[in-house]
Amino acid sequence: MKKLLSLSVVFLLLFALAACNTGSTPPPVDDGTSADAADTTLVADPATEGATDAEETTAPAPEAKIAPRVLALMGPTGMGMSSLMEQDEQGAASLDYTFNLFNAPDVLTAEVIKGEYDIAAVPVNVASILYKKTAKDLYFLGVNTLGVLHVLENGESVKSVADLKGKTIYASGQGSTPEYIFNALLAANGLDPAKDVTVEYMATHAELASALIAGKVTLGVLPEPNVTTCLMQNSSLRRALDVTAEYKTAAGKEIVQGCVIVRKAFADEHPEAVAAFVQDYAASVAFVNEKPAEASLLIEKFGIVPKAALAEKAIGGSNIVCITGEDGKKAMSSMLDVLFAANPASIGGELPDDGFYYAS
């Protein structure tokens, strides 16, 4: 009995000891292959839940807008830019433009020669000269200004180009585009500039404008916005002839005085940006022509013309356009032919080759 009791006690103690050790058994080592291990990797941490999905589905940041550097001259060649400049300032333009305006063509051309631009509005002859000076490192993109010359008269004697025969006419811009355009107008109407009229040249447009306003000159040829300045300050003066309209009637061709050029590397690398600019600029030109009162405020705001009242009246006579593609090429090449015939040096000594014209 004692032996049996002793054995029973021993068995009871061993059973109790085994029961106590069951709760302290160490967990198995996780080698990453067990089903339990795989399950534990799927448990979401509330602090990081969704992070992996977000990383996989987040769209890349949008590309920054291309930022062309645009140069223009004050006056008609820059007036068509005014609405686009406002759109850019408001962040509503297609591209992120930087605009710089110049009062003197030689300063602008220096920037082009240095390559400090992407797009520029320049006189037609300057575009051709720059094509040569930059080793053909630019394209003609389009016409932005047709002729801006007008014949003003203090009187009523001139109603047609034929009426200029035998008269003395004062002009400005001798040896440059205005002289060659006016001579082309006379020739297209059967008049010899050397025999049928007497042309007296003054040094500057401003000097001639002052003489017309003061009544010292009764017949003169001036560009806009000088024409409007004269009409606003001397009510006896009238716009006798629109040189652009008269030339087109006689010769069937456009007078072109302003154009847009684009740096070749920029155009070749960013054709979509060039297309966007053309679209933006065309809309700007349409706004200026259709809403001159509103556009004139922008033209004054950006310093393209000093006063809105002057700009508003000058818009109609400035022939602001946006002509690209084959029509632009045709108008430009025709004008360069006129200038080359008058004086080859006026366009750089030679006509530009086909590489001058941008092919979109």
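This one's a predicted model, so the numbers in the text were calculated from it and none came from an experiment. (Residues numbered from 1 in each chain as written. Predicted model: local features only at pLDDT ≥ 70, side-chain atom pairs only at ≥ 80, totals over all residues. Heavy atoms only, no water.)

A. Spatial organisation of the pattern of salt bridges. Considering all chains together, one arrives at 11 salt bridges under this definition. Close ionic contact of E153 with R238 constitutes a salt bridge, the shortest N to O distance being 2.9 Å. Residue E153 is found in strand β5 (residues 149–153), and its partner R238 is found in strand β9 (residues 238–242); the two are separated by 85 residues along the sequence. Just as E153 is buried, R238 falls in that class too. Two residues, K248 and E254, come together in a salt bridge whose shortest N-O distance is 2.9 Å. Residue classification places K248 among the partly exposed residues on the basis of a relative accessible area of 42%. Residue class for E254 comes out partly exposed when judged on its relative accessible area of 22%. One network of salt bridges, with partners in common, ties together R69, E116, D118 and R263. (Salt bridge = Lys/Arg side-chain N within 4 Å of Asp/Glu carboxyl O. Helix = DSSP H or I, 4+ residues; strand = E, 2+ residues; numbered from the N terminus. Buried < 20%, exposed > 50% of the residue type's maximum accessible area, 1.4 Å probe, protein only.)

B. Structural view of the packing of aromatic side chains. Inspection of every chain in the model, using the stated rule, returns eight aromatic pairs. Plain terms: the ring middles of F277 and Y281 are 5.6 Å apart, the flat faces sit at 10° to each other, and that makes the pair stacked. Residue F277 and its partner Y281 are located together in helix α13 (residues 271–290), separated by four residues, close to a single helical turn. Judged by its relative accessible area of 2%, Y281 is buried. Taking the centre distance of 5.0 Å and the plane angle of 75° together, the rings of F356 and Y357 count as edge-to-face. For F356, a relative accessible area of 0% puts it in the buried group. Using a relative accessible area of 10% as the deciding quantity, one classes Y357 as buried. (Phe/Tyr/Trp six-rings, centres within 6.5 Å; stacked < 30°, edge-to-face > 60°.)

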